[in-house]
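# Coordinates in review
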Amino acid sequence: MPNAPEDPRAAGSAAPDPAAPVHHREDLDPRRSSRDRSWPPVPEALPAPVIDNHCHLDFADGEEGLSISEHVARAAEAGITAQITIGSDREAALWTARLVGAEDCPPSLRGGVAVHPNEAALHARGHDHEGRELIGLDEALAEIDSLVRGPGMVVVGETGLDWFRTSRKDEQARSAQIDAFRHHIALAKETGLPMQIHDRDAHADVLEVLDADGAPERTVLHCFSGDVEFARECVARGFYLSFAGNVTFKNAQNLRDALADVGLGRVMVETDAPFLTPVPYRGRPNSSYLIPHTMATIAEVTGTDLGAACERIAATTREVYGWPAA
């Protein structure tokens, strides 16, 4: 792959072949073949449309891989009328730029790109977990600076801090994550785009960096993972909380408590697909069309009629991303 980012607007550019995604969930899932890889059924459509503001269409999953058009069609059938697909490593970012920048990209798709915090640590080290050589962190960030300004891009992300997969005690890795996070904060403010944050076991440090540098006007805690106190801290700063399928998990009472406490005012919904498939299909392949299960929990936890909850969340999502129009 060339070091310079590929221009998705170049002559002959088209959406990448969805039959050959750049990643596969099985490569990251320790259960691999032991899990149920059949696709869940399409649920009853939501009473009002919503937007999946964070998914990863660059990942394949399931016994039969779905094409981009099939993901989009199933989502529409379930009342999810738009999706934002996120490229969070170099290969996925280039793929995402080609997809959303192509003339034949489905009009309901938009994209976002960034150097994921764990990827930032690898670029700083110069090689991945298998020992394959990587470009340096500065060069990787420069590619993102170019790609995020391309057609179809609506967000900088996902960026942030992750002390679960990358040890906070590793000085090089910690510095790389913080440096990359600060770079993305500046990029979001420079471009006027919202920013999606990946925060895993790093709540206090995420807030410390945002407070020190000044958060972008539209800052989203993607796949919110905190408790009531952290949710209050985020909302008090004007941030938005995006809830994924794990809010339906039995062991995620902290997420439901946080959601109940802050209400729907600054809340959005996502899948993080192909990960975090909501109950009752936890562990099986995930796609935007399964959001109705997550929305049912969001409505129940906040004591809101499902249709009203959908309308409120959709309005917030349009406000944050400036797209798509109502």
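Everything in this summary refers to the structure shown in the same document. (Residues numbered from 1 in each chain as written. Predicted model: local features only at pLDDT ≥ 70, side-chain atom pairs only at ≥ 80, totals over all residues. Heavy atoms only, no water.)

## A short note on the overall build of the chain
Quick reminder of the rule: Secondary structure counts use DSSP, requiring at least four H or I residues in a row for a helix and at least two E residues in a row for a strand, with both numbered from the N terminus. Using C-alpha atoms as the atom set, the radius of gyration is obtained and then compared with a globule rule of 2.2 Å times the number of residues to the power 0.38. For every residue, the accessible area obtained with a 1.4 Å probe (protein chains only) is divided by the maximum for its type, and the residue is called buried under 20%, exposed over 50%, and partly exposed between those limits. Contacts are assigned to residue pairs with any non-hydrogen atoms lying within 4.5 Å of each other.
Broken down by element type, the chain carries ten helices and ten strands. Relative to the 2.2 N^0.38 estimate, which gives 20 Å for 326 residues, the radius of gyration of the chain is 18 Å and therefore close to what a compact globule would have. Counting the 326 residues in the chain, one finds 57% classified as buried. The long-range share in the chain, meaning contacts at least 24 apart out of those at least 6 apart in sequence, stands at 77%.

## Overview of the nonpolar core
As a reminder of what qualifies: Among buried residues, the Ala, Val, Leu, Ile, Met, Phe, Trp, Tyr and Cys ones that are joined through side-chain atoms within 4.5 Å form a nonpolar core.
Grouped together as the largest cluster of nonpolar side chains are 75 residues, with contacts concentrated most on Phe 181, Phe 224, Phe 243 and Met 295. If we ignore the near neighbours within four places in the chain, the residues touching Phe 224 are Phe 230, Ala 231, Cys 234, Leu 241, Ser 242, Phe 243, Leu 255 and Ala 258. By size, the runner-up hydrophobic cluster in this structure holds twelve residues, among which are Ile 51, Ala 82, Met 268 and Trp 323.

## Notes on the pairing of strand E7 (residues 195-200)
Here is the rule we go by: What makes two strands pair is DSSP finding at least two bridges between them. The path from the first strand over the helix to the second decides the hand: if it runs clockwise while the strands point away from the viewer, the crossover is right-handed.
Most of E7 sits inside the fold, with five of its six residues counted as buried. With five bridges joining them, strand E6 (residues 153-162) and E7 adopt parallel strand pairing. Residue Asp 162 lies in a different strand from E7, and its bridge partner there is Arg 200. Read from E6 through helix H5 (residues 171-191) to E7, the crossover connection turns out right-handed. With three bridges joining them, E7 and strand E8 (residues 219-221) adopt parallel strand pairing. Its bridge partner lying in E8, Met 195 is registered against Thr 219. Tracing the backbone out of E7, into helix H6 (residues 203-213) and back to the parallel element E8 gives a crossover that is right-handed.

## As for the pattern of salt bridges
The line we're drawing: The salt bridge criterion pairs a side-chain nitrogen of Lys or Arg with a carboxyl oxygen of Asp or Glu, the two atoms within 4 Å.
Taken as a whole and judged by the stated rule, the model has 15 salt bridges. Several salt bridges converge on common partners, so that one network encompasses Arg 25, Glu 26, Arg 35, Arg 37 and Asp 61.

## Notes on the sheet that holds strand E9 (residues 240-243)
For the record, the criterion: Between N-to-C directions, angles span 0 to 180 degrees; the directions come from axes that are lines fitted to C-alpha atoms, helices contributing only their stretch in contact.
Spatial strand order, E2-E4-E5-E6-E7-E8-E9-E10: eight strands in an open sheet with parallel pairing. Strands at the two margins of the open sheet, each flanked by one partner only, are strand E2 (50-55) and strand E10 (267-269). Between one strand and the next, the sheet's axes are offset by a mean angle of 30 degrees, whatever the strand orientation. The pairing of strand E5 (residues 109-113) with E6 spans three bridges and is classified as parallel. Pairing of Gly 112 across the sheet is with Val 155, part of E6.

## Focus on helix H3 (residues 117-125)
Taken together, the buried positions of H3 are Pro 117, Asn 118, Ala 120, Ala 121, Leu 122 and His 123. Here the buried face of H3 lies against helix H4 (137-147), E6, H5 and E7. Two residues or fewer after H3 comes Gly 126, characterised by a positive phi angle close to 95 degrees.

## So, the packing of aromatic side chains
For the record, the criterion: Think of it this way: a Phe, Tyr or Trp ring, Trp meaning its six-membered ring, pairs with another when their centres are within 6.5 Å, and the plane angle makes it stacked under 30 degrees, edge-to-face over 60, tilted otherwise. Sitting over a ring, as applied to charges here, requires NZ of Lys or CZ of Arg to be within 6 Å of the ring centre and within 35 degrees of the ring normal.
This model, assessed by the stated rule, comprises four aromatic pairs. Aromatic pair Phe 224 and Phe 230: ring centres 5.7 Å apart, planes at 15 degrees, arrangement stacked. With respect to burial, Phe 224 and Phe 230 carry one shared label: buried. Within the aromatic cluster, the residues linked to one another by ring pairs are Phe 224, Phe 230 and Phe 243. When the ring centre of Phe 164 is taken as reference, the NZ or CZ atom of Arg 200 above it lies at 3.6 Å. If you follow Arg 266 out to its NZ or CZ, it ends over the ring of Tyr 240, 4.2 Å from the centre.

## Examining the packing of helix H2 (residues 90-101) against H4
To be explicit about the condition: Our angle categories are set so that under 35 degrees counts as roughly parallel, over 145 as roughly antiparallel, 65 to 115 as roughly perpendicular, and the remainder as oblique. Left-handed describes a crossing whose near helix is turned anticlockwise from the far helix through less than a right angle; right-handed describes the clockwise counterpart. Any residue that is not Ala, Val, Leu, Ile, Met, Phe, Trp, Tyr, Cys, Pro, Asp, Glu, Lys or Arg is counted as polar, Gly included; the first ten are nonpolar and the last four charged.
Where H2 contacts H4, the axes come no closer than 11 Å and their chain directions differ by 15 degrees. Classified by the angle their axes make, H2 and H4 are roughly parallel. In this structure, the crossing between H2 and H4 has a hand that is left-handed. Of the residues in H4, those in contact with Arg 90, Ala 93, Leu 94 and Ala 97 of H2 are Glu 143, Ile 144 and Leu 147. The residue inventory of the contact of H2 with H4, partitioned by class, reads five nonpolar, no polar and two charged.

## Quick word on the packing of H3 against H5
Each pair of packed helices can be summarised by the angle the axes make with each other and by the distance between the axes. The interhelical angle for the contact between H3 and H5, taken along N-to-C directions, is 120 degrees, at an axis separation of 8 Å. Here H5 runs oblique to H3, going by the angle between their axes. Between H3 and H5 lies a crossing whose hand is right-handed. The segment H3 lies against H5, with Pro 117, Asn 118, Ala 120, Ala 121, Ala 124 and Arg 125 engaging Gln 172, Ala 173, Ala 176, Gln 177 and Ala 180. Tallied by class, the residues present in the contact of H3 with H5 amount to seven nonpolar, three polar and one charged.

## Comments concerning the environment of Ser 34
Relative to the helices and strands, Ser 34 resides in the loop between strand E1 (23-24) and E2. With relative accessibility at 59%, the residue Ser 34 sits in the exposed group. Residues Ser 34 and Leu 66 lie 32 residues apart in sequence; the distance between their C-alpha atoms is 20 Å.

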